Amino acid sequence: MPNHSERGLSRQTAGYGDRDFSLYLRRSFARSMGYSKAILDRPVIGIVDTASGYNNCHRTVPDLVEAVKRGVLAAGGLPLSFPTISLSEPSLYPTSMHYRNLAALDTEAMLSAQPMDAAVLIGGCDKTVPAQLMAAASADLPVIGLVTGPMLATSFEGERLAACTDCRRYWAAYRAGRVSKERIAEIEGRLATTAGTCGVMGTASTMACLTETLGFLPPGTASIPAVHAERLAAAEAAGALAMQLVDAPVRPSDLITPHSVENALIVLLALGGSTNALIHLTAIAGRRSIPVDLHHLNELSHQTPVLVDLKPTGDGYMEDFHAAGGLPALLYELRDLLHLDAIDVTGTSLADRLAEPPPFVDRRFIRSPANPISPLGGLVALFGTLAPRGAILKRSAATPALFEREARAVVFDGLEDLARRIDDPSLEVTPDDFLVLKNAGPRSVAGMPEAGYLPIPQKLARAGVKDMVRISDCRMSGTAFGTIVLHTTPEAAAGGPLALVETGDRIRLSVAERRLDLLLDETTLGRRRALWRAPPLPPRGWDRLVAEQVLQADAGCDLGFLKPAPA
Ligand code: FES
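Let's talk about the nonpolar core
Piece 1. Grouped together as the largest cluster of nonpolar side chains are 132 residues, with contacts concentrated most on Leu 111, Val 120, Ile 122, Phe 321, Leu 330 and Phe 412.
Piece 2. By residue number, the principal contributor to this core is helix α10 (residues 258–271), which donates 9 residues.
Piece 3. Dropping the residues within four chain positions of it, Phe 321 is found in contact with Met 201, Cys 209, Ser 223, Leu 271, Val 308, Leu 310, Gly 326, Leu 327 and Ile 366.
Piece 4. Ala 391, Phe 403, Leu 500 and Val 501 belong to the second largest nonpolar core, which has 28 residues in total.

Things to note about the packing of aromatic side chains
One pair of aromatic rings is described through two measures. These are the centre distance and the angle between the planes.
Piece 1. Under the definition given, this model contains 3 aromatic pairs.
Piece 2. Look at Tyr 16 and Phe 21: their rings are 5.8 Å apart centre to centre, the planes differ by 80 degrees, and that puts the pair in the edge-to-face class.
Piece 3. When the centroid spacing of 4.9 Å and the interplanar angle of 50 degrees are considered together, the rings of Trp 171 and Tyr 174 count as tilted. One end of the pair, Trp 171, and the other, Tyr 174, are both in helix α5 (residues 165–175), 3 residues apart, so they sit about a helical turn from each other.
Piece 4. We note Arg 335 situated over the ring of Tyr 332; from NZ or CZ to the ring centre the distance is 3.9 Å.

Let's talk about the environment of Thr 348
Piece 1. Tracing the backbone through its elements, the reader meets Thr 348 in the loop between α14 (326–333) and α15 (350–353).
Piece 2. When residues no more than four places from it in sequence are discounted, the contact partners of Thr 348 are Ala 342, Ile 343 and Arg 353.
Piece 3. Reaching out from Thr 348, the side chain makes a polar contact with the side chain of Thr 346 at a distance of 2.7 Å.

Comments concerning the state of the cysteines
Piece 1. According to the stated counting rule, one finds 1 disulfide in the structure shown.
Piece 2. The partner cysteine of Cys 164 in its disulfide is Cys 167, sulfur to sulfur 2.3 Å. Given an S-S torsion of about -105 degrees, the disulfide between Cys 164 and Cys 167 has left-handed geometry.
Piece 3. Note on Cys 167: relative accessible area 17%, which makes it buried.
Piece 4. Here Cys 474 is not cross-linked by a disulfide; its sulfur's nearest cysteine counterpart is in Cys 557, at 11 Å.
Piece 5. Residue classification places Cys 474 among the buried positions, given a relative accessible area of 0%.

Thoughts on helix α4 (residues 128–139)
Given 3.6 residues per helical turn, the α-helix brings residues three or four places apart onto the same face.
Piece 1. Over its 12 residues, α4 extends 16 Å from the first C-alpha to the last, a length consistent with the 16 Å expected when each residue adds 1.5 Å.
Piece 2. In terms of residue burial, α4 counts as a mostly covered element, since 12 of its 12 residues are buried.
Piece 3. Downstream of α4 by one or two residues, Asp 140 has phi in the positive range, about 55 degrees.

With respect to the sheet that holds strand β4 (residues 143–147)
Piece 1. Here we have 4 strands laid out as an open sheet, ordered β2-β1-β3-β4, and parallel in their pairing. Single-partner strands in this sheet number two, and they are β2 (78–83) and β4. Shown here is a sheet whose adjacent strand axes are inclined to one another by a mean of 20 degrees, direction ignored.
Piece 2. Pairing geometry for strand β3 (residues 118–123) and β4, over 5 bridges, is parallel. The residue bridging Val 120 from the neighbouring strand is Ile 144, located in β4.

Looking at the environment of Ile 144
Piece 1. Note that Ile 144 resides in strand β4.
Piece 2. If near-sequence neighbours (up to four positions away) are discounted, Ile 144 is found in contact with Ala 119, Val 120, Leu 121, Phe 216, Pro 218, Ala 238, Leu 241, Ala 242, Leu 245 and Val 345.

Description of the layout of surface pockets
To find the voids left in a structure, one rolls a probe of water-molecule size over its atoms.
Piece 1. Reported here for the largest pocket is a volume of approximately 1400 Å³.
Piece 2. Contributing to the lining of the largest pocket are 48 residues, with Cys 164, Cys 167, Arg 168, Trp 171 and Tyr 453 lying nearest its centre.
Piece 3. Among the secondary structure elements, those contributing two or more residues to the lining of the largest pocket are α5, α6 (181–188), α7 (203–214) and α16 (415–421).
Piece 4. Of the residues forming the lining of the largest pocket, the biggest block, 8 residues, is contributed by α5.
Piece 5. Tallied by class, residues from the lining of the largest pocket come to 31 nonpolar, 7 polar and 10 charged.
Piece 6. In this model, the second largest pocket occupies a volume close to 830 Å³.
Piece 7. Along its surface, the second largest pocket is lined by 35 residues, and Asn 439, Ser 444, Val 445, Ala 446 and Pro 535 are the ones closest to its centre.
Piece 8. Those elements that provide at least two residues to the lining of the second largest pocket are α3 (97–113), α16, α18 (522–531) and α19 (541–549).
Piece 9. Among the residues forming the lining of the second largest pocket, the class breakdown is 20 nonpolar, 5 polar and 10 charged.

Describing the packing of α10 against α14
Piece 1. In contact at an axis separation of 11 Å, α10 and α14 are set at 105 degrees when each is read in the N-to-C sense. As summarised for this structure, α10 and α14 are arranged roughly perpendicular, according to the angle between their axes. Facing α10, whose interface residues are Val 267, Ala 270 and Leu 271, α14 presents Leu 327, Leu 330 and Leu 331.
Piece 2. A per-class count over the contact of α10 with α14 returns 6 nonpolar, no polar and no charged.

What to know about the side chain of His 487
Piece 1. Tracing the chain through its elements places His 487 in the loop between β12 (484–486) and β13 (506–510).
Piece 2. Overall, His 487 belongs to the buried group, its relative accessible area being 3%.
Piece 3. Those residues in contact with His 487 that sit more than four places away from it in its chain are Thr 275, Asn 276, Ile 279, Gly 390, Ala 391, Ile 392, Met 448, Ser 472, Asp 473, Cys 474, Arg 475 and Ala 553.

Let's talk about the pairing of strand β14 (residues 515–518)
Piece 1. With 4 bridges joining them, β13 and β14 adopt antiparallel strand pairing. Residue pairing across strands places Ile 507 opposite Leu 518, the latter belonging to β14.
Piece 2. Where β13 folds back on β14, the antiparallel hairpin that results is connected by 4 residues, among which Arg 514 adopts a positive phi of roughly 60 degrees.

Considering the pattern of salt bridges
Piece 1. For the structure shown, the criterion picks out 35 salt bridges.
Piece 2. Put simply, Lys 438 and Asp 413 hold a salt bridge, and the shortest N to O gap is 3.8 Å. With Lys 438 in the loop between β10 (434–437) and α17 (458–462) and Asp 413 in the loop between β9 (404–412) and α16, this pair connects stretches of sequence that are 25 residues apart.
Piece 3. Exposure remark for Lys 438: the relative accessible area of 6% places this residue in the buried category.
Piece 4. Shared partners join several salt bridges into a network, and the residues in it are Glu 89, Lys 127, Glu 450 and Arg 475.

What to know about the pairing of β9
Piece 1. Of the pairings in the sheet, the one linking β9 to β13 comprises 5 bridges and is antiparallel in character. Its bridge partner lying in β13, Arg 405 is registered against Leu 509.

Rules and cut-offs
- Residues numbered from 1 in each chain as written.
- Predicted model: local features only at pLDDT ≥ 70, side-chain atom pairs only at ≥ 80, totals over all residues.
- Heavy atoms only, no water.
- Core = buried A, V, L, I, M, F, W, Y, C linked by side-chain atoms within 4.5 Å.
- Buried < 20%, exposed > 50% of the residue type's maximum accessible area, 1.4 Å probe, protein only.
- Helix = DSSP H or I, 4+ residues; strand = E, 2+ residues; numbered from the N terminus.
- Contact = heavy atoms within 4.5 Å.
- Phe/Tyr/Trp six-rings, centres within 6.5 Å; stacked < 30°, edge-to-face > 60°.
- Lys NZ or Arg CZ within 6 Å of the ring centre and 35° of its normal.
- Polar contact = N/O pair within 3.5 Å; in protein donor to acceptor, adjacent residues only side chain to side chain.
- Disulfide = S-S within 2.5 Å.
- Expected span 1.5 Å × (residues − 1).
- Pairing = 2+ DSSP bridges.
- Axes fitted to C-alpha atoms, helices over the stretch in contact; angles between N-to-C directions.
- 1 Å grid on protein atoms, 1.4 Å probe; cavity = no way out; pocket = protein on both sides within 12 Å on 5 of 7 lines; lining within 4 Å.
- Points joined across faces, edges and corners; volume = space filled by probe spheres on them.
- Nonpolar A, V, L, I, M, F, W, Y, C, P; charged D, E, K, R; others polar.
- Parallel < 35°, antiparallel > 145°, perpendicular 65-115°, else oblique.
- Salt bridge = Lys/Arg side-chain N within 4 Å of Asp/Glu carboxyl O.

Rendered as structure tokens:
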């Protein structure tokens with residue numbers, strides 16, 4: 001744990017057995033970098049630098065680091081940037097989720113081991129921000145978050161495009177034969193034309209909004225586009241704010257509280273935000289021993305309207321949300337539902353922040369509770385014999401006509417089986433069947449990828465079928481849409497009931513009753529359970545550690561040994 005009693009470079013001395021010598025050595029090596037004696041006496045602000053040649057969403061991080069440094073230097077501090085693991089959504093095998101906890105472990109260790117009085121965490125792409133908040137929650141060092149910000153949408157032949165709802169829309173049309181090979185190749189270069197995170201209310205945008213709701217971001221900065229000058233100004237302000245934390249620390253333990261976590265859940269529901277954010281918020285809160293109860297999520301979802309009209313739930317892009325008033329405007333609309341005693345990193349309460357209405361709100365993108373997109377929240381948890389500990393449906397991006405059904409299961413044993421058979425013309429499947437994917441949860445070798453958006457079998461897609469009920473133990477991209485049941489817990493690889501489902505079984509879905517049931521008698525279930533075998537453990541390394549330690553979705557998929565010890 002950090003030694004909070006020292007300041008600047010005097011903190012966290014290396015263990016040479018002689019503290020004065022350790023400091024002498026540290027300072028002399030720091031002098032080798034050209035620092036003056038005087039500047040080495042300043043408070044130190046660490047800057048987590050997640051630039052990476054693999055991470056498109058973090059292309060602007062070098063500029064942001066420079067702007068943060070400017071803010072720190074102007075406020076009298078010494079900024080020291082350092083690299084941590086950077087996770088790019090499309091660049092990682094088997095999936096970035098498999099490495100979120102590694103990034104959290106890395107970041108926590110470096111925040112705790114290196115001398116710094118406060119830190120600025122620069123994240124953006126889906127898993128980086130949750131990993132940083134998990135790390136900060138455990139290290140409990142004062143930190144400011146800074147997100148890279150969303151990309152801008154592109155105008156192209158009369159329509160607007162941005163990653164990645166439009167990627168999925170075009171790909172589905174291509175699979176259905178409505179878009180040619182040449183056209184899909186042309187679109188490839190039009191989907192992400194500026195720096196920044198995905199331009200819709202996907203996981204990165206949702207997590208940016210939740211991070212601001214939890215109080216970690218400079219207020220009003222969650223949705224500033226990556227390429228706006230305002231983004232660099234926010235970075236400079238983050239550096240200056242970090243310096244304020246040196247003498248007036250606001251720690252993650254002050255920000256992550258039962259009230260702020262509930263506020264974040266309410267904002268998630270009102271955004272029509274990403275299902276992934278639920279897992280991440282659960283993991284972040286779990287680092288402070290705050291449970292996120294899915295039954296309580298349903299209660300909140302019943303009273304929280306969807307107010308934000310952005311893809312994939314609605315029509316707009318993140319730049320529209322920002323111009324419409326952004327998160328401060330949304331928080332104002334939700335003020336009657338929120339705990340107003342929650343504070344932000346400046347120490348200001350929500351009550352004070354929301355004392356005055358925002359100067360402008362564009363109602364096309366941020367509705368009032370009197371005129372919501374939907375009177376009910378975007379997410380709903382389902383429970384039943386197929387999901388004893390819960391499963392999640394993003395009802396705001398689903399097809400209501402599919403919500404109350406009993407149907408035949410068409411089961412895929414894992415990702416390879418899915419890839420091999422989904423487009424097989426001889427696959428026996430109708431639009432009324434439920435597609436079921438198992439062995440893709442957090443403990444599986446697949447690592448809980450964003451494969452829950454199972455493709456519609458090509459022969460059905462070509463016949464015009466646009467949505468079917470799909471059930472799995474994996475996740476879905478925050479930019480995706482459809483009647484998709486995710487995070488089925490316990491997962492198949494942990495021996496959950498999903499492991500026992502076979503093609504031809506009947507499954508009943510009732511969103512109204514919050515139920516997901518496998519309609520099988522106990523004798524059949526018992527017979528199948530007796531034959532089930534756990535998958536073999538990976539032989540070594542990170543994969544082995546994950547398989548042994550990863551918790552289920554209802555515990556945020558954290559690693560068991562990283563959770564706080566019971567008090
Ligand atoms: Fe990084 Fe979407 S790929 S936010």
